[in-house]
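Below are the chains, spelled out letter by letter.
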Amino acid sequence: MEYKIKNEFLTVIVSDRGAELQSVKGSDGTEYLWQGNQEIWGDRAPNIFPYVARMTDGKYTVYGNEYRMKIHGFVMYATLQMERQSEDSLTFCLESNEATREQYPFDFTYRITYILKEHTLKIVTGVENRSDRRMYFGTGGHPGFNVPLEDGFAFSDYYLEFDQPSKPTRVGFTEACFLNGRDEPYALENNRRIPLRHDLFDEDAIVLKNTARSVRLACDGGRHSVTVSWPEHGYIGFWHMPRMEAPYVCIEPWSSLPSRDGVVENLAQQSDLIGLDAGKTYENTWTIEIQ
């Protein structure tokens, strides 16, 4: 089922499957969100929980037991309950259940809230630990945005520009997208800009750390842009399907990273994961601003 919120600037549609964004449309009818294409990339904006990206052999251990989990966790495949709805906000909820406990041995409540305010969509993710022991997890977003955003421009006219000068580090990945331990400086044009071209993604995602926490997708002379801000996430990923001229780019705030190459991770020992004590609640916020 799909739910709609709107104001005078934006109309947003969200599905209860994964609480995934389906549309972010401006008042002039411009669709900013990638609309999915099974021949290129069928998703639009998956929500990530409780693990970001891939696990070695699709499995991990915690508290002495081994479990299996798909890439980016299980929220994106689940149907979430509509908990609260108003003209400008939606809150979806997933309670742990038999299916989640087969993959992840914790009792939890996961919530995601979308709030519209003028030109900005705020995304608030909350996790409550209802277990009697510390739980470990990662969260993130994976929205794709159309490129170009208007007629008369090409993919290569666009750029990603940080709101402040940055000297980021690119996280080193193997060909299979596991950590290889070889992080390297990533040069930005004028310390701020990544000009887009399709072959940037021939080796899959560009994942950066030590950056400013806001980036704008835009082109010179264009009327439309998208700004994603992630004040509480440590990593940002940029991606489209490798080795093709895909007409979109994903801007992905991540709280943590995938497994190390060849290592079946123990969640309690993976240092970048969020550790949440029994009975406690975690929350983070990131935003999408449309112009």
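Shown above is the structure to which this text applies.
Scope of this entry: the structure provided in the associated data block. (Residues numbered from 1 in each chain as written. Predicted model: local features only at pLDDT ≥ 70, side-chain atom pairs only at ≥ 80, totals over all residues. Heavy atoms only, no water.)

**Here we look at unusual backbone geometry**
This is how it is decided: Think of it this way: any DSSP run of H or I at least four residues long counts as a helix, any run of E at least two long counts as a strand, and we number them from the N terminus. Using a 1.4 Å probe on the protein chains alone, a residue whose accessible area is under 20% of its type maximum counts as buried, one over 50% counts as exposed, and one in between counts as partly exposed.
Proline 50 follows phenylalanine 49 through a cis peptide bond whose omega is 5°. Secondary-structure assignment places proline 50 in the loop between β4 (47-48) and β5 (59-62). One non-glycine residue, cysteine 177, adopts positive backbone phi at about 70°. Mapped onto the secondary structure, cysteine 177 falls in the loop between β15 (169-170) and β16 (184-185). If you check the backbone angles, asparagine 191 has positive phi at about 60° while not being a glycine. Relative to the helices and strands, asparagine 191 is located in the loop between β16 and β17 (193-195). Asparagine 191 gets classed as partly exposed once you look at its relative accessible area, which sits at 36%.

**Topic: the pairing of strand β22 (residues 248-254)**
Using the following cut-off: One bridge is not enough; two strands pair if DSSP finds at least two bridges between them.
Counting buried positions over the 7 residues of β22 gives 7, a clear majority of the element. A two-sided burial pattern is seen for β22, the buried positions comprising Tyr248, Cys250, Glu252 and Trp254 on one face and Val249, Ile251 and Pro253 on the other. Sheet topology places strand β21 (residues 235-239) next to β22; 5 bridges connect them, and they run antiparallel. Across the sheet, residue tyrosine 235 finds its bridge partner in β22, namely tryptophan 254.

**Section: the side chain of threonine 91**
To keep things clear, this is the line we draw: Think of a polar contact as two N or O atoms within 3.5 Å of one another; within protein, one of them needs to be a possible hydrogen donor and the other a possible acceptor, and neighboring residues in sequence only count if both atoms come from side chains. It only takes one pair of heavy atoms within 4.5 Å for two residues to be counted as in contact.
Tracing the sequence through the fold places threonine 91 in strand β8 (residues 89-95). By relative accessible area, which is 3% here, threonine 91 ends up buried. Only 2.8 Å separates the side chain of threonine 91 from the side chain of threonine 113, close enough to count as a polar contact. Threonine 91 has contacts with Gln81, Met82, Glu83, Arg84, Arg111, Ile112 and Thr113, leaving out every residue within four places of it along the chain.

**Let's talk about empty space enclosed by the protein**
Basically, it comes down to this: Only protein atoms enter the calculation, which uses a 1 Å grid: trapped sets of points that fit a 1.4 Å probe without letting it out are cavities, open sets showing protein on both sides within 12 Å along at least five of seven lines are pockets, and any residue with an atom within 4 Å of a point is a lining residue. Grid points are joined across faces, edges and corners, and a volume is the space filled by probe spheres set on the points. Each residue gets one label: Ala, Val, Leu, Ile, Met, Phe, Trp, Tyr, Cys and Pro are nonpolar, Asp, Glu, Lys and Arg are charged, and the others, such as Gly, are polar.
This model, assessed by the stated rule, comprises 1 cavity of 30 Å³ or more. Each pocket or cavity is described by its volume, and for the largest cavity that value is around 40 Å³. If you go around the largest cavity, the residues you meet are Leu21, Ala45, Pro46, Asn47, Tyr114, Gly141, His142, Pro143 and Trp286. In the lining of the largest cavity, the residues fall into 6 nonpolar, 3 polar and no charged.

**A few points about the sheet that holds strand β1 (residues 2-6)**
How we decide: To define axes, lines are fitted to C-alpha atoms, for helices over the stretch in contact only, and angles between the resulting N-to-C directions are given on a 0 to 180 degree scale.
Taken together, 3 strands build an open sheet; the order of strands is β1-β2-β3 and the sheet is antiparallel. The open sheet has two free edges, formed respectively by β1 and β3 (21-26), since each of these has just one partner strand. Going from strand to strand, the sheet's axes swing by 15° on average, the running direction of each strand aside. Where strand β2 (residues 10-15) meets β3, 5 bridges bridge the pair, whose relative direction is antiparallel. When the bridges of β3 are listed, valine 14 appears paired with leucine 21.

**As for the environment of methionine 55**
Counting through the fold element by element, methionine 55 comes out in the loop between β4 and β5. Sequence separation between methionine 55 and lysine 280 is 225 residues, and the spatial gap between their C-alpha atoms is 26 Å.

**Looking at the side chain of glutamate 20**
The line we're drawing: His is not counted here, nor are the chain ends, while Lys and Arg score as positive and Asp and Glu score as negative. The working definition used for a salt bridge is a side-chain nitrogen of Lys or Arg within 4 Å of a carboxyl oxygen of Asp or Glu.
Positionally, glutamate 20 belongs in the loop between β2 and β3. Among buried Asp, Glu, Lys and Arg side chains, glutamate 20 stands out as unpaired, with arginine 17 the closest opposite charge at 4.8 Å. Among residues more than four places away in sequence, those in contact with glutamate 20 are Ile13, Val14, Ser15, Asp43, Arg44, Ala45, Pro46, Asn47 and Tyr114.

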